[in-house]
Amino acid sequence: MDEPAQETKQQRDETEAERADRNFNEFLQELRVMQTGVQLLTGFLLTLPFQARFADLDGTQRLVYLILVVLSVASTGVLIAPVSVHRTTFRRGVKPSLVDTADRLTRLALVLLGLVVTGTTLLAFDVVVSRTAGLIAGGGIALLLIVLWIVVPRRSR
């Protein structure tokens, strides 16, 4: 066990089961925030083909759109997967394993969500301004998300 984790265990004076319960509850709070955002974004993307201007998209824009739909729906599936894992393992005494699995799935969901947010920005700027503006805006958002979701958390460790 690494030093910070050992320190936390001593400060909290909790059993492995108590820590797993706490970690799972904290995970659920994070999941609620992410699921809402992913569901709203997925819903938005799924309504676009029913808009009059959708017919004006060129082939590249349609391809980007379809990739975004797949990534967004995949994000939703990955974010909901821990619920299925929990239902399958409920009352089997494997909560530490569940927390580890949920952690891995959530990290994957963050990558997928980052791609969806970046791609959606790219597509919006491409349609409204130009392809160059889309690439610049998408790249800027990708950089921002990398800083906020990877660099800042690692530095705060």
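Data block above holds the structure.
Because the structure is predicted, anything quoted here is derived from the model rather than measured.

J.: Hey, could you run me through the pattern of salt bridges in this one?
T.: Pairing between side chains of opposite charge can happen when their charged atoms approach one another. For the structure shown, the criterion picks out five salt bridges. With a shortest N-O distance of 3.1 Å, Arg107 and Asp103 are connected by a salt bridge. Taken as a pair, Arg107 and Asp103 lie in helix α4 (residues 95–128) at a separation of four residues, close to a single helical turn. Given the relative accessible area of 34%, Asp103 is considered partly exposed.

J.: What is the right way to look at the packing of helix α3 (residues 59–89) against α4 in this model?
T.: Packed helices, taken two at a time, are described by the angle between their axes plus the distance between the axes. Packing of α3 against α4 brings their axes to within 9 Å, and their N-to-C directions diverge by 160 degrees. Relative to α4, the element α3 lies roughly antiparallel. α3 and α4 meet at a crossing whose hand is left-handed. Residues that form the contact of α3 with α4 fall into these classes: 22 nonpolar, eight polar and one charged.

J.: Looking at this model, I keep getting lost on the side chain of Thr76. Mind explaining?
T.: Mapped onto the elements of the fold, Thr76 is located in helix α3. Since its relative accessible area comes to 19%, Thr76 is described here as buried. When neighbours within four sequence positions are excluded, Thr76 is seen to be in contact with Val38 and Thr42.

Analysis parameters
- Residues numbered from 1 in each chain as written.
- Predicted model: local features only at pLDDT ≥ 70, side-chain atom pairs only at ≥ 80, totals over all residues.
- Heavy atoms only, no water.
- Salt bridge = Lys/Arg side-chain N within 4 Å of Asp/Glu carboxyl O.
- Helix = DSSP H or I, 4+ residues; strand = E, 2+ residues; numbered from the N terminus.
- Buried < 20%, exposed > 50% of the residue type's maximum accessible area, 1.4 Å probe, protein only.
- Axes fitted to C-alpha atoms, helices over the stretch in contact; angles between N-to-C directions.
- Parallel < 35°, antiparallel > 145°, perpendicular 65-115°, else oblique.
- Left-handed = near helix turned anticlockwise from the far one by under 90°.
- Nonpolar A, V, L, I, M, F, W, Y, C, P; charged D, E, K, R; others polar.
- Contact = heavy atoms within 4.5 Å.

Just distances and angles here, no functional claims.
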